[in-house]
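Residue-level structural notes
Listed here are the chains, written in short residue letters.
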Amino acid sequence: MAINTFTKDQQVHEEIAEILEDHADIIDSGQERRYLQLILDMSGSVSPYVSTIENGVKALVKGLKEDPLSETSIDIGITTFGSNVDMVPPTSITEFSMPSFRSSGATAMFEALEASFETVELTKQHYRDNGMSYRRPIVVLMTDGYPTDVPIQDRKFQDLIGRIRDGEDQKKWMFLPLAIDHSCLPAVDQLSSNGAKELDPKAILAFMKWLSNSINTASNQASDPLAKSNPAMSDWEIINNLS
């Protein structure tokens, strides 16, 4: 499983499409697919929590592999960001092998979000091109800081936030942003129509286990409970009802 460094001097769509074509490892099992995209902050300030995040991802993958339906239907991709943005391309959960995480440098959050949501769109296109049906993708962001590559008030970042929120409203994806430091909650909260949640770093493992349990519950339902419209409930409430 390749890890690719995303470089900002190329067009996002073209580079992500090339990564998917060369390295995506998605197996058509005949089941409806669900894509899970993790976006994980690996800036220097996250260094005390790297092993906690690694253990959380391991628990998430283990939990998904233990469910017969999730094991044959979930694809996962991981974007990590510090000064650079690195990507593990979409991979069927049965083929997934754990990368090593290292923290360093700044917080290239804009690049990470842009690359990740483009990956979600292109993965869905891959499903359609190959005759695979799919369920609503889930995108999880975990960060402890403010973006340092593009200021969040910059029009470029605000345009990206608009696209992310529009995608939520149109049920293109379920976005679950998490602030693992209270100071960045106001910034992270802006990213989603449903708002962000603050997560104590000590609870990362519990969150990942909760996420795998929720996905497993959804995998075992005939229709996708995460795609249903309920104006009275946020996406956080919808997925929380499954755990």
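Let us look at the structure shown here. The model shown is predicted, which means the values in this text are computed figures rather than measured ones.

Looking now at the side chain of Arg136. Mapping Arg136 onto the fold places it in the loop between helix H4 (109-129) and strand E5 (138-143). Residue classification places Arg136 among the buried positions, given a relative accessible area of 4%. A distance of 2.7 Å separates the side chain of Arg136 from the backbone oxygen of Trp173, its partner in a polar contact. Residues in contact with Arg136, not counting those within four places in the same chain, are Arg34, Glu168, Lys171, Lys172, Trp173, Met174, Asp224, Leu226, Ala227 and Asp235.

Put simply, side chains in a regular strand alternate between the two faces of the sheet. Buried residues dominate E5, accounting for 6 of its 6 residues. Side chains Ile138, Val140 and Met142 project from E5 onto one buried face, and the interleaved Val139, Leu141 and Thr143 project onto a second face that is buried too. In this structure, strand E2 (residues 34-41) lies alongside E5, joined through 5 bridges in parallel fashion. Of the residues in E5, the one forming a bridge with Leu40 is Met142. One crossover worth recording links E5 to the parallel strand E6 (residues 174-179) by way of helix H5 (residues 155-169), and it is right-handed.

What the largest pocket holds in volume is close to 250 Å³. Of all the elements in the fold, those that place two or more residues in the lining of the largest pocket are strand E3 (74-81) and strand E4 (85-92). Considering only residue class, the lining of the largest pocket consists of 8 nonpolar, 6 polar and 2 charged.

Before going further, it helps to spend a moment on the packing of helix H2 (residues 50-65) against helix H7 (residues 204-219). Where H2 contacts H7, the axes come no closer than 8 Å and their chain directions differ by 20°. With respect to their mutual orientation, H2 and H7 come out roughly parallel. Judged by the sense of rotation from one axis to the other, the crossing of H2 with H7 is right-handed. Across the interface between the two elements, Thr52, Ile53, Asn55, Gly56, Val57, Ala59, Leu60, Gly63 and Leu64 of H2 pack against Ile204, Leu205, Met208, Lys209, Leu211, Ser212, Ile215 and Asn216 of H7. Class assignment of the residues belonging to the contact of H2 with H7 gives a composition of 10 nonpolar, 6 polar and 1 charged.

Tallied over the full model, the rule gives 8 salt bridges. Lys62 serves as the salt-bridge partner of Glu66, at 2.5 Å between the closest nitrogen and oxygen. Judged by relative accessible area, which is 53%, Glu66 ranks as exposed. A cluster of three or more residues bridged by salt bridges with shared partners is formed by Glu121, Lys124 and Lys172.

What counts as what
Residues numbered from 1 in each chain as written. Predicted model: local features only at pLDDT ≥ 70, side-chain atom pairs only at ≥ 80, totals over all residues. Heavy atoms only, no water. Helix = DSSP H or I, 4+ residues; strand = E, 2+ residues; numbered from the N terminus. Buried < 20%, exposed > 50% of the residue type's maximum accessible area, 1.4 Å probe, protein only. Polar contact = N/O pair within 3.5 Å; in protein donor to acceptor, adjacent residues only side chain to side chain. Contact = heavy atoms within 4.5 Å. Pairing = 2+ DSSP bridges. Right-handed = clockwise from strand over helix to strand, strands pointing away. 1 Å grid on protein atoms, 1.4 Å probe; cavity = no way out; pocket = protein on both sides within 12 Å on 5 of 7 lines; lining within 4 Å. Points joined across faces, edges and corners; volume = space filled by probe spheres on them. Nonpolar A, V, L, I, M, F, W, Y, C, P; charged D, E, K, R; others polar. Axes fitted to C-alpha atoms, helices over the stretch in contact; angles between N-to-C directions. Parallel < 35°, antiparallel > 145°, perpendicular 65-115°, else oblique. Left-handed = near helix turned anticlockwise from the far one by under 90°. Salt bridge = Lys/Arg side-chain N within 4 Å of Asp/Glu carboxyl O.

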